[in-house]
Amino acid sequence: MIDSLLKREIAKRPDRVRLQGRILFLTEDPALIRRQLAGEDLPWDTRNPANNPKLRDDISTDEITPAHFCFYFDETLGEIPYTGLKCGSELPIQRGDARRGGFVAAVSGKRRGKGSSREQSPFAEMCAGIKLVIAENIERIYKQNCQNLGLLTSTDFSLIERIRAGQEIALSEFTAGEDEITRQVIEYGGLFPFNVARMQGKVSLPAIETRPRPMTVAEKIFARHMISHDGQVGVPAVKPGDTGFVRTDLRFSHEYVTPMAAIFFERYVGKDAPVTDASSVIFFRDHLTFLDEVLSEEKRKMGLLDLAGQLKLKQVDFARSRGIRLHGELTDRKGSEGICHSIMLESYALPGQVVVGSDSHTPHSGAIGCVAFGIGTTDVFNSWITKDVRVRVPESVKVVIRGKRHPNVAAKDFILKILSMDYVRSGKALAKVIEYAGEAIEELSVDERATMTNMAAEIGGFTGIVAPDRKCVEFLMERRGMARSEAERLIDNLRSDADAQYAHVIELDAADISPMVATPGDPGNGKFVRDLTIPVPVELAYGGTCTAGKNEDMDMYAAVLQDALRQGRRVADSVKFFIQFGSQETRDYCIQKGYLEIFKRAGAQVIEPSCGACINAGPGVSTRNDQVVISAQNRNFPGRSGPGQMYLASPYTVAASAVAGYIVEYAPAEEKEPALA
């Protein structure tokens, strides 16, 4: 494999580019979108931005390429861009519109490309003719996916006039401010040609010369895994801004990404080329197990169910041909072995490791003190060649939660509170490591810590991490059967130094945080349940996904439902309540604890493991615009889990609301007045 790549001809792209075509402004006003699709070019005042229409902020990858269309993994995706884009209450862009419009650039506001790490989004834009994305700021994984594919990105709105004037633009304007490696990736037109040039010795990797310094726990892990200029693994120290490649311990992908990565690998590397160190690569079939139960007849007629089946077959074939472990579907009943993040934490990841995965919620495993982060398709298939991934050591933000939490408050309430803060909502935490600390964090179990690290993805962070401690040791002993001495050895010196530097410190008192919800549209729309001004009736309640399908999440659902049963109550007649396990290990835990009987008696429907409703692919999805859902999942972007109005909340709040029939806080039984029983 390497020999063939060493002989391949690789060249840089031209040092000047001329972008010939129209510019699509993704505005909040759907009428302006439709006018552009009809052929009108909007005037745009780059000198006086206040004169311009309001651009859409927070455009998620769910809106660029809705989940069902990600069953395509070829150039057909060029028909899809922006079909999920919500402007007001409308979806003004239909299939094929962007491609037919002759657009060469797409412009939007803050936090473009948030959410899922799906590389189908920038790939779809490229296939539709888009060559440049302009936004006020751009989410890390989406931006890196653009760079890896060769799609240009910029935050410079002055480019609009120059494109319209037909001027040539120096490629250096798109590399300005980027690190040395990213600059060369852009110059070579993508990560794969850069990596081939790297193998051929045509590119220079900057030496990391940082002298020993106080470091955060994440920086210590980066330093241990960074590849030095002489090819050795490990350097004495790193600091934010240092760039290079880190040697990964584990690489995983699921059926949404593996097929596209496999096709890229076969196309660019070789049909029969082996994967480097297949024993450290893991595949999962976890996203689409229950798709047939919720896919509409319209989408079936489009052939999307058949396409989803092709994703499965391609992944199975590639895994078998390369000797890669695949956690797949169950053979005796419908469902999967488990969600990738759940199984990675339960069975694979270890403190101090670097773990990369094809999903933005890969930081889940940071709960036991490893640096785990999401990567896109091109990064995935390149890592199969080199076993490393490029990084620019991020700054860290420390989130300190002190004090003792209320009995009805969970980690989900903590993270929803953090997401509602101006520092996060304004995008200041983008691409930073989110390190959680403080007495309230130390008291959380590893399962609950995983909720915090998992949802660093919603913050827009590079990853989330908790320094491993006695709770981590206990987790490894109980869940992995590891000897105490071995677990303690793994966590040795995995703590931030007392004088480590942070870009920002957020301090909260757990006593000030009561049960939260995020109102529909964005996980950052957090407010206290008590501050809802009117009762909010719910039709669907959903507890599950990687974020809320863990053992301790099941403890919470069971506690609420058991309280209800003691009072002669159960799930309200007006509500369907679904509880979905994150893994078979969690299902077994529920059987051992007697929870399945509690769930059944209380009227909740139990579902085998899968990502399910969280990606619009299983029971619990909404089917009407006016349908209200309360969910313990991690995202409520428009269209993410159906057309309805989704509120996010903790397992406690979701279960309590399912019983009440409207959104309420959970009040543990001992706190209730006897008259309410």
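Computed from a predicted model, the values in this text were never measured in an experiment. (Residues numbered from 1 in each chain as written. Predicted model: local features only at pLDDT ≥ 70, side-chain atom pairs only at ≥ 80, totals over all residues. Heavy atoms only, no water.)

Let's talk about the overall build of the protein chain
Under the convention used in this document: Every helix listed is a DSSP run of H or I at least four residues long, and every strand listed is a run of E at least two residues long, numbered separately from the N terminus. The globule rule is 2.2 Å times the number of residues to the power 0.38, and the radius of gyration it is compared with is taken over C-alpha atoms. Here the term buried applies to any residue with accessible area under 20% of the maximum for its type, exposed to any over 50%, and partly exposed to those in between, with areas from a 1.4 Å probe on protein chains only. Working rule for contacts: check all heavy atoms of both residues, and any pair within 4.5 Å makes them a contact. Only four residue types enter the charge count: Lys and Arg as positive, Asp and Glu as negative, with His and the chain ends excluded. To locate a charge, take NZ of a lysine, CZ of an arginine, CG of an aspartate or CD of a glutamate.
Scanning the protein chain from N- to C-terminus turns up 28 helices and 24 strands. Over its C-alpha atoms the protein chain spans a radius of gyration of 24 Å, differing by no more than 12% from the 26 Å that the globule rule assigns to 677 residues. Along the longest, intermediate and shortest principal axes, the C-alpha atoms of the protein chain span 75 × 60 × 50 Å. Taking all 677 residues of the protein chain together, 63% fall into the buried category. Considering only residue pairs separated by 6 or more positions, the protein chain has 75% of its internal contacts joining residues 24 or more positions apart. In the protein chain, 84 positive and 90 negative side-chain charges are present, and the distance between their average locations comes to 2 Å.

Observations regarding the sheet that holds strand S23 (residues 628–631)
To keep it simple, the criterion reads: Strand pairing requires that DSSP identify at least two bridges connecting the strands. In this description, a line fitted to the C-alpha atoms serves as the axis of each element, helices being fitted only across the stretch in contact, and the angle between N-to-C directions of two axes falls anywhere from 0 to 180 degrees.
The strand order across the open sheet built from seven strands is S19-S18-S24-S23-S20-S21-S22, with neighbouring strands paired in mixed fashion. The open sheet has two edge strands, strand S19 (526–528) and strand S22 (605–607), and neither has a second partner. For this sheet the average axis-to-axis angle between neighbouring strands, irrespective of direction, equals 25°. Direction of pairing for strand S21 (residues 576–580) relative to S22: parallel, over a ladder of three bridges. When the sheet's bridge partners are listed, Gln580 is paired in S22 with Ile607.

What about unusual backbone geometry?
Despite not being glycine, Tyr82 shows a phi value in the positive range, around 70°. Relative to the elements of secondary structure, Tyr82 occurs in the loop between helix H3 (61–64) and helix H4 (97–100). Take Tyr82: its relative accessible area is 1%, and that puts it in the buried class. The phi torsion at Thr545 lies on the positive side, around 75°, for a residue other than glycine. By relative accessible area, which is 2% here, Thr545 ends up buried.

Things to note about the environment of Gln580
Applicable threshold: Pairs of N or O atoms are called polar contacts if they sit within 3.5 Å, as long as, within protein, a hydrogen donor faces a hydrogen acceptor (for residues adjacent in sequence, only side-chain-to-side-chain pairs).
Structurally, Gln580 can be placed in strand S21. Since its relative accessible area comes to 0%, Gln580 is described here as buried. Once the C-alpha coordinates of Gln580 and Met554 are considered, the two residues, 26 residues apart in sequence, prove to be 9.2 Å apart. Engagement of the side chain of Gln580 in a polar contact is seen with the backbone oxygen of Glu608, the distance being 2.9 Å.

Quick notes on the pattern of salt bridges
Here is the rule: What counts as a salt bridge is simple: a side-chain nitrogen of Lys or Arg found within 4 Å of a carboxyl oxygen of Asp or Glu.
A full pass over the atoms with the stated rule returns 52 salt bridges. A salt bridge links Arg22 to Asp41, with the shortest nitrogen-to-oxygen separation between them at 2.8 Å. One end of the pair, Arg22, is in strand S2 (residues 22–25); the other, Asp41, is in the loop between helix H2 (30–37) and H3, and 19 residues separate them in sequence. The class for Arg22 is buried, based on a relative accessible area of 17%. Taking relative accessible area as the criterion, Asp41 reaches 43% and is therefore assigned partly exposed. Linking Arg640 and Asp62 is a salt bridge whose minimum nitrogen-to-oxygen distance equals 3.0 Å. You can see Arg640 sitting in the loop between S23 and strand S24 (645–649) and its partner Asp62 sitting in helix H3, a full 578 residues away along the chain. Of the two residues, Arg640 and Asp62, both sit in the buried class. Among the charged side chains, a network of salt bridges with common partners joins Lys12, Glu180, Arg183 and Glu187.

Re the sheet that holds strand S17 (residues 504–509)
A sheet is described by the order of its strands in space; here four strands give the open sequence S16-S15-S14-S17, paired in parallel fashion. Each edge of the sheet is formed by a strand with only one pairing partner; in this case those strands are strand S16 (463–466) and S17. Across the sheet, the axes of successive neighbouring strands diverge by a mean angle of 20°, strand direction being ignored. Here strand S15 (residues 433–437) pairs with S16 via four bridges, running parallel. If you follow Ile434 over to S16, its bridge partner there is Gly464. Against the sheet, helix H20 (residues 446–454) contacts strand S14 (396–402), S15 and S16, and its axis sits at roughly 150° relative to S16.

Details of the confidence of the model for the protein chain
Inclusion rule: Per-residue confidence from the predictor is reported as pLDDT, which spans 0 to 100.
In the predicted model, the protein chain carries a mean pLDDT of 95, and 99% of its residues have values of at least 70. Under a pLDDT of 50 for its full length, residues 672–677 has, in the predicted model, four contacts with residues more than four places off or in other chains.

Overview of the nonpolar core
This is how the line gets drawn: As used here, the term nonpolar core means buried Ala, Val, Leu, Ile, Met, Phe, Trp, Tyr and Cys residues forming a set that is joined through side-chain atoms within 4.5 Å.
In this structure, Val238, Phe265, Leu288, Val371, Phe373, Phe381 and Trp384 are the most contacted members of the largest nonpolar core, which totals 80 residues. Core analysis: the second largest hydrophobic core is formed by 43 residues, Tyr589, Ala602, Ala632 and Tyr666 among them.

A few points about the environment of Arg530
Inspection of the secondary structure puts Arg530 in the loop between S19 and strand S20 (540–543). When the C-alpha positions of Arg530 and Ser514 are compared, they lie 8.4 Å apart, and in sequence the two are 16 residues distant. Not counting residues within four places of it along the chain, the set of residues in contact with Arg530 comprises Ser514 and Glu665.

Considering the state of the cysteines
As a reminder of what qualifies: Pairs of cysteine sulfur atoms within 2.5 Å are identified as disulfides in what follows.
For the structure shown, the criterion picks out zero disulfides. Here Cys146 stays free of any disulfide, with the sulfur of Cys127 as its closest cysteine sulfur at 13 Å. Overall, the relative accessible area of 0% leaves Cys146 in the buried class. No disulfide involves Cys546; its nearest neighbouring cysteine sulfur is the one of Cys614, lying 6.4 Å away.

Regarding the packing of aromatic side chains
The cut-off we apply is this: For Phe, Tyr and Trp, where Trp contributes only its six-membered ring, two rings pair if their centres lie within 6.5 Å, and the inter-plane angle classes them as stacked under 30 degrees, edge-to-face over 60, or tilted in between. Both a distance and an angle decide whether a charge sits over a ring: NZ of Lys or CZ of Arg must be within 6 Å of the ring centre and within 35 degrees of the ring normal.
The tally for this structure, following the rule as stated, stands at 21 aromatic pairs. Seen in terms of ring centroids, Phe222 and Phe462 are 5.9 Å apart; in terms of plane orientation they differ by 65°. Their pairing is edge-to-face. Of this pair, Phe222 sits in helix H11 (residues 217–225) while Phe462 sits in the loop between helix H21 (456–459) and S16, placing them 240 residues apart in sequence. Exposure class is identical for Phe222 and Phe462. Each is buried. Here the aromatic rings of Tyr557 and Phe577 are separated by 6.2 Å at their centres, their planes lie at 75°, and the arrangement is edge-to-face. With Tyr557 in helix H25 (residues 551–566) and Phe577 in strand S21, the pair connects residues that are 20 residues apart, well separated along the chain. Taking the ring centre of Phe245 as reference, the NZ or CZ of Arg198 above it sits at 3.7 Å. Positioned above the aromatic ring of Phe528, the side-chain terminus of Arg530 is 4.5 Å from the ring centre.

Details of the pairing of S14
In terms of burial, S14 is a largely internal element, five of the seven residues being buried. Where S14 meets S15, five bridges bridge the pair, whose relative direction is parallel. The residue of S15 that forms the bridge with Lys398 is Glu435. Bridging between S14 and S17 involves six bridges; their strand directions are parallel. Across the sheet, Arg402 pairs through a bridge with Asp509, a residue of S17.

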